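Each chain, written out:
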Amino acid sequence: MSVAPVYLDHNATTPLDPRVAEAMLPWLGGLHGNPSSVHSFGRAARAAVEQARQQVADLVGGSPPEVAFMASGTEANNAVLMSTFADGAGGHLVISELEHPSIQRAADRLETANVEVTRLRPAADGVVGAAAVAEVLRPDTRLACLMLANNELGTLQPVADAAAACRERGVPLLCDAVQAAGKHPIDVGSLGADYLVVAAHKFNGPVGAAALWVREGAGFAPLILGGGQERQRRAGTENVAALVGFGACAAVASSELDHRIERLGSLRDGLEAGLAGSPDARLHCASSPRLPHTTHVAFPGLVGEELVVRLDLAGFAVSTGAACASGVVEPSRTLLAMGVAPEEAIASIRISLGMSNDEAEIDRFLPVLAREVEALRALSAEPVAAR
C-alpha cells in the first residue's frame, strides 16, 4: 500500500481547517452580495464581513474599527511602509534583517527615494534586541519594523520592549505577526506596536485574506485607491468568502491556542530529540524563545535544496530558507545576517509542524531523513567521474 505524503511545511502555508471550509461554503454557493450594497443581499454580506472583523480583532486583542482587511500580509506590510513615506520627504527607516521580503524589498525601493534605511542584524541566537533598536533611533526616524516571530527560525522577538523604546522617541512600530498568529498569544495592547499584520493562510484559514491592525490615531494612507471600502484604508470589493474563513480560523485559534501550543511543542520536542541523536545535525536557535512548531537544522557538507528534493520524493514536504535565482542556490539572508557561515546556511532545512501532524509521522520521518542525509553524503564523496 502506498503511504500518504506528509506535510511538514506549515510555515509556508497551512491546510484549510474543515470547520473553516464549512463556514465559507455558503458564500461560495448560494449566498452572495456586495458588502457595499444597501439591499438585503448586500446587508447580509456586510454582516458576514463585520462578524469576521470582530473575530480577527478578538484574536489580536484589538477593536473591530482598527482592523482593515487586505489580500495578503505582503500587501499589508507594503501599505504601512509606503504610507509612511508617501509624502516623498525622505527620512529614516529602521528594519531588522529578520523581516519578511515584503518589508526588506519595500525598504530597498524606499532607499532609492531618499529614505535612509538602517538594517539591524540579529545576534547568534536569532533575536534582535530591543536595545539595538533603541540605539539606532534618530530624530528623523519615521518608522521601525520588528516582526513578532521569524518565519525561518521561529525565533520570537522582543516587540513590546522595542515598541516601548520607539514610543519614548515618538517613532511608530510595525509588527509583522503573520507567522505567530494561531501559534503564539498576540495582544496589541501588551505589544505596544502601532501597526500589526496577520494572515489567515498561516493558521488554517484561506489564502487571500489578511488584516492590518492600525492603532487609533496612527497615521495611514491607503496603498490601493478606488472606493471607500475598509474605512477608506483599502479600496476594492471585499472577498466575503475568504473573510468569513478568516474570521472562522481566528475564532478557532482563539479558543484552541493553549492546546495548540502544548501539542505542537510536544511534537517539536520529539522531532528535535530524534535529531539530537544525529552527529550530523546542527539545530539553530534551539535555546532561543521560539514558536512551538518550528525546527531549523543544518547538515554541514550538504546542500539543503538537494535534501528537500530527496525528502519530497520520499514522501515528506519540508523547505529551505535558501533562494534559488538563475539556477544558483544562495544561502538564506537571515542566516547570514545572524553570523551563520555560508556553507552551513546553504546546508539548512526548515521543518514546520501543524495540527494535522502526529507522532507517528515524526517517527516515520526521522529514519527517512537520516537515510537521505547518508545517501547525499555518500554521493558527495564519490569522484565526479564515477557518478
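### Overview of the overall build of the protein chain
Within the protein chain one finds 13 helices and 14 strands. What you see for the protein chain is a C-alpha radius of gyration of 22 Å, in line with the 21 Å of a compact globule of 387 residues. Projected onto the principal axes, the alpha-carbon positions of the protein chain cover approximately 70 × 55 × 40 Å. Taking all 387 residues of the protein chain together, the buried fraction comes to 52%. Put simply, of all contacts in the protein chain between residues at least 6 apart along the chain, 72% involve residues at least 24 apart. About 16400 Å² of surface is accessible on the protein chain, with carbon and sulfur atoms providing 55% of the total. The average position of the 30 basic charges and that of the 44 acidic charges among the side chains of the protein chain differ by 4 Å.

### Quick word on the nonpolar core
Ranked by internal contacts, the top residues of the largest apolar core, which has 57 residues, are F69, I186, L196, V198 and F246. In terms of residue count, helix 9 (residues 240-276) provides more of this core than any other element does, 10 residues in total. If we ignore the near neighbours within four places in the chain, the residues touching I186 are L59, V60, G61, L148, A177, A180, A181, L191, L196 and V198. Membership of the second largest hydrophobic core comes to 25 residues, among which are V6, L264, L271 and I362.

### Overview of the sheet that holds strand 3 (residues 91-96)
Taken together, seven strands build an open sheet; the order of strands is 2-8-7-6-5-3-4 and the sheet is mixed. In the strand order of this sheet, the two ends are held by strand 2 (67-70) and strand 4 (115-120), each with one partner. Direction aside, the axes of adjacent strands within the sheet are offset by 20° on average. Two strands pair when backbone bridges link them, and strand 5 (residues 141-145) and strand 6 (residues 173-176) are joined in this way by two bridges, in the parallel orientation.

### Concerning the sheet that holds strand 14 (residues 348-352)
The sheet built from three strands is open, its strands ordered 9-10-14 with antiparallel pairing. Single-partner strands in this sheet number two, and they are strand 9 (282-283) and strand 14. Pairing analysis gives two bridges linking strand 9 to strand 10 (residues 294-298), with the strands arranged antiparallel. Counterpart to R282 in the pairing with strand 10 is A298. Along the sheet, helix 9 makes contact with strand 9, strand 10 and strand 14, crossing strand 10 at roughly 15°.

### Focus on the packing of aromatic side chains
Two descriptors summarise a pair of aromatic rings, namely the distance from one centre to the other and the angle between the planes of the rings. Evaluated as defined, the whole model comprises three aromatic pairs. Arranged with centres 5.9 Å apart and planes meeting at 55°, the rings of F69 and F246 form a pair that is tilted. Of this pair, F69 sits in strand 2 while F246 sits in helix 9, and the two are 177 residues apart along the sequence. Looking at F246, the relative accessible area reads 0%, which means it is buried. Connected via pairs of aromatic rings, a cluster forms that spans F69, F203 and F246.

### Examining the pairing of strand 8 (residues 210-214)
Within strand 8, five of the five residues are buried, which leaves it mostly tucked inside the rest of the structure. Residues A210, L212 and V214 point to one face of strand 8 and A211 and W213 to the other, with burial holding for every one of them. As judged from the four bridges shared by strand 2 and strand 8, these two strands associate in the antiparallel manner. For M70, the partnering residue across the bridge sits in strand 8 and is A210. Looking at chain direction, strand 7 (residues 195-199) and strand 8 are connected through five bridges and run antiparallel. Within the sheet, the bridge partner assigned to V197 lies in strand 8 and is L212.

### Quick notes on empty space enclosed by the protein
Enumeration according to the criterion identifies one cavity of 30 Å³ or more in this entry. Within this model, the largest cavity holds a volume of roughly 110 Å³. Lining the largest cavity we find 16 residues, and of these T14, K183, K202, N204 and G354 sit closest to its centre. Looking at side-chain class alone, the lining of the largest cavity contains five nonpolar, eight polar and three charged residues. Counting the residues that make up the lining of the largest cavity, at least three belong to each of domain 1 (6-15 + 257-381) and domain 2 (18-252).

### Topic: the domain arrangement of the protein chain
Domain parsing of the protein chain yields domain 1 (6-15 + 257-381) and domain 2 (18-252). Using C-alpha coordinates to define each centre, domain 1 is positioned 27 Å away from domain 2. Taken together, the 29 residues of domain 1 in the interface contact 32 residues of domain 2. Together domain 1 and domain 2 conceal approximately 2500 Å² of surface at their shared face, both sides included; 49% is due to carbon and sulfur atoms. Inspection of the domain 1/domain 2 interface yields one salt bridge. Between E97 and R333 there is a salt bridge; the shortest N-O distance is 3.5 Å. Connecting domain 1 to domain 2 are 17 residue pairs in polar contact (both at pLDDT 80 or more). Taken together, the elements giving at least two residues each to the side of domain 1 that touches domain 2 come down to helix 9, strand 10 and helix 11 (333-337). Among the elements that make up the side of domain 1 that touches domain 2, the one with the highest residue count is helix 11 (five residues).

Reading the values: the criteria
Residues numbered from 1 in each chain as written. Predicted model: local features only at pLDDT ≥ 70, side-chain atom pairs only at ≥ 80, totals over all residues. Heavy atoms only, no water. Helix = DSSP H or I, 4+ residues; strand = E, 2+ residues; numbered from the N terminus. Rg over C-alpha atoms; globule rule 2.2 N^0.38 Å. Buried < 20%, exposed > 50% of the residue type's maximum accessible area, 1.4 Å probe, protein only. Contact = heavy atoms within 4.5 Å. Areas by Shrake-Rupley, 256 points an atom, 1.4 Å probe, with all protein chains shown as cover. Lys, Arg positive; Asp, Glu negative; His and termini not counted. Charge placed at Lys NZ, Arg CZ, Asp CG, Glu CD. Core = buried A, V, L, I, M, F, W, Y, C linked by side-chain atoms within 4.5 Å. Pairing = 2+ DSSP bridges. Axes fitted to C-alpha atoms, helices over the stretch in contact; angles between N-to-C directions. Phe/Tyr/Trp six-rings, centres within 6.5 Å; stacked < 30°, edge-to-face > 60°. 1 Å grid on protein atoms, 1.4 Å probe; cavity = no way out; pocket = protein on both sides within 12 Å on 5 of 7 lines; lining within 4 Å. Points joined across faces, edges and corners; volume = space filled by probe spheres on them. Nonpolar A, V, L, I, M, F, W, Y, C, P; charged D, E, K, R; others polar. Domains from an automatic or database assignment. Buried area = accessible area lost by both parts, 1.4 Å probe. Salt bridge = Lys/Arg side-chain N within 4 Å of Asp/Glu carboxyl O. Polar contact = N/O pair within 3.5 Å; in protein donor to acceptor, adjacent residues only side chain to side chain.

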